[in-house]
Amino acid sequence: MLQAIMTKPGVIVYKEIEKPKPKGNEVLIKIKRIGICGSDIHVYHGTHPFTDYPIVQGHEVYGEISDIGHLVKDFSIGDKVTIMPQVTCGECYNCKNGKYNICDSLKVMGFQINGAAQDYYAVPDKLVIKLSENILPEEGAMIEPTAVAVHALKRGGSVKGKNILVLGSGTIGNLVGQVAKGLGAKKVINSDIIEFRLNIAKQCGIDLTINPMKYNLEKAIIKEFGENKADMILECVGAETTVSQAISYARKGTNIIIVGVFSQKPKIDMSLIQDRELNIIGTLMYQKDDYLKAIELIEEGKLLLKNLVTKIFPFLEYQNAYRYIEKKNGLAMKVMVTFN
Ligand SMILES: [Zn+2]
Ligand SMILES: [Zn+2]
C-alpha cells in the first residue's frame, strides 16, 4: 500500500509500505477521504510551530473498517467510521479531570505523530467513531472541524435563543455559524473580507453576512441584534483586526471565544477587557461528546456541509491539492483527497 510522506515543507513523496496489521485493540481503516485544513497548510509551508519532518498528514478522516484486532468488540469489518486524532497521556491533571483535549503531552495525528494519508491506517478503537450509512464520505471527513465548532460554542455557554457574532467565515467560521444555528441560536452574523466565503455562509443559512471593509460592522450588529448587540462573539480568524473588533464591539460582560490560530502576536486593548469586564476564552480541539453532537446535527440535517467542499483530488495528487489551495489564496473552502 502507499503512504504519502511530507519529507520537508512543500514536498510529498509516496512510499510503498506494508499494510499494517491491527494489534489487539486496534482497527484497520481503509481510508476513503481526507480533508485538508489550515493547520495542514502551515505544515506544508513549514510554518507550523509544533511539527517536525518527515510527517504523514491526515487528521480529518472518513473510512471503512477492513480488519479488527482480537480485543475489539464494538466494531466490525465494513463499518463506516471517522477518527478522533488526539493521542493523550491519561495521567496529567487535565486528562484526570475530564479535559483531555488539553492534555499536557497532547499529540495530534498528522502533526506530532503520523496521520492517515495512506491506503490503510491502524488506530486504537477508543479513537474511532462509527457513522451511519446516512453520512456521506465528505460529511464524514468534516466531522472533525465540525467538532471544533461544537466545542468552541460550548466554551461560550449555551447558545439557545442567543445572538451570536462570528468573525471569520472560512471553514471553521462557517461551521461555528452553522452549528450555532443548529443548536438553536436566535440569529447569527458571520463576517469576512472575502465575498466568496460570505456567499457560502449565506447559502448555508447564516442570517446576516457582512464584509467589514464595505460596511460598518458595529452598525450592522446593532441593526441585526438590537441595542444589546451580540450575546457571544467567536473570533475565527486569528488576527489583530478581528480580535480588536471583538473587544471593541462587545457588550460589557460578553464572552469572547478565541477559535482562530494566531501566527503573530496581536496588539490588543487590555484596558477594554478590564473596564468592560469581558471574558476572553480559549478553545482547543474537542472531546468525544463534541464529535457525537456534530454527528447528531449532521444526521438531523441541520448542517449544510456539501456547500463547503470546493474540490476533491485523487490521493496520488496530494501535492496538487496543496498547490490548488495556495493558488486560490482564500477562494477555496474545504479541499479533500479521495482514495480508490
Ligand atoms: Zn483540521
Ligand atoms: Zn494528559
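Residues numbered from 1 in each chain as written. Chains lettered and ligands numbered in written order. Predicted model: local features only at pLDDT ≥ 70, side-chain atom pairs only at ≥ 80, totals over all residues. Heavy atoms only, no water.

### Let's talk about the coordination of the zinc ion (ligand 1)
We count it as follows: For Na, K and Ca the donor cutoff is 3.2 Å, while for all other metals N, O and S atoms must lie within 2.8 Å; water is not among the atoms, so some sites may look incomplete. Under the scheme used here, helices are H or I runs from DSSP no shorter than 4 residues and strands are E runs no shorter than 2 residues, and both carry numbers assigned from the N terminus. Each residue is placed in one exposure class: buried if its accessible area under a 1.4 Å probe, protein chains only, is under 20% of its type's maximum, exposed if it is over 50%, and partly exposed if it falls in between.
Looking at the zinc ion (ligand 1), one finds its protein donor set to be Cys37 (SG), His59 (NE2) and Glu60 (OE), positioned 2.1 to 2.4 Å from the metal centre. When the donor residues of the zinc ion (ligand 1) are listed from N- to C-terminus, their spacing reads C-x21-H-E. Taken together, the residues Cys37 in the loop between strand 3 (26-36) and helix 1 (38-44) and His59 in the loop between helix 1 and strand 4 (60-68) connect sequence positions 22 residues apart. His59 gets classed as buried once you look at its relative accessible area, which sits at 3%.

### Things to note about the packing of aromatic side chains
Rules: Only centres within 6.5 Å qualify two rings of Phe, Tyr or Trp (six-membered ring in Trp) as a pair; their planes then separate them into stacked at under 30 degrees, edge-to-face at over 60, and tilted for everything else. Charge over a ring is defined by NZ of Lys or CZ of Arg lying within 6 Å of the ring centre and within 35 degrees of the ring normal.
Across all of its chains, the model carries seven aromatic pairs by this definition. Relative to Tyr322, the ring of Tyr44 lies with its centre 4.4 Å away and its plane at 10°, an arrangement referred to as stacked. Taken together, the residues Tyr44 in helix 1 and Tyr322 in helix 11 (residues 318-328) connect sequence positions 278 residues apart. The exposure class assigned to Tyr44 is buried, which follows from its relative accessible area of 7%. Put simply, the rings of Tyr14, Tyr44, Phe315, Tyr318, Tyr322 and Phe339 touch in pairs and so form one group of aromatic residues. Above the face of the Phe313 ring, Lys311 is positioned so that its terminal group lies 5.4 Å from the ring centre.

### Thoughts on the domain arrangement of the protein chain
Note the threshold: Residue ranges assigned to each domain were obtained from an automatic or database domain assignment. The contact criterion used is simple: two residues touch if any of their non-hydrogen atoms lie within 4.5 Å. Each of two parts loses accessible area, computed with a 1.4 Å probe, when they are put together; buried area is these two losses added. Criterion for a salt bridge: a side-chain nitrogen of Lys or Arg within 4 Å of a carboxyl oxygen of Asp or Glu. We call two N or O atoms a polar contact when they sit within 3.5 Å, provided that within protein one can donate a hydrogen and the other can accept it, with sequence-adjacent residues counted only if both atoms are side-chain atoms. Three classes are used, and their members are as follows: Ala, Val, Leu, Ile, Met, Phe, Trp, Tyr, Cys and Pro are nonpolar, Asp, Glu, Lys and Arg are charged, and the others, Gly among them, are polar.
For the protein chain, the assigned domains read domain 1 (2-142 + 305-338) and domain 2 (146-282). Its C-alpha centre places domain 1 at a distance of 28 Å from the equivalent point of domain 2. Each partner contributes to the interface: domain 1 provides 12 residues, whereas domain 2 provides 15 residues. For the pair domain 1 and domain 2, the summed buried surface comes to about 1,100 Å²; carbon and sulfur atoms form 61% of the total. Ranking the residues of domain 1 by area buried against domain 2 places Asn307, Leu308 and Met333 at the top, with a combined share of 44%. Counting every contact that joins domain 1 to domain 2 gives zero salt bridges. For the pair domain 1 and domain 2, the number of links is four residue pairs in polar contact (both at pLDDT 80 or more). Among the residues forming the side of domain 1 that touches domain 2, the class breakdown is six nonpolar, four polar and two charged.

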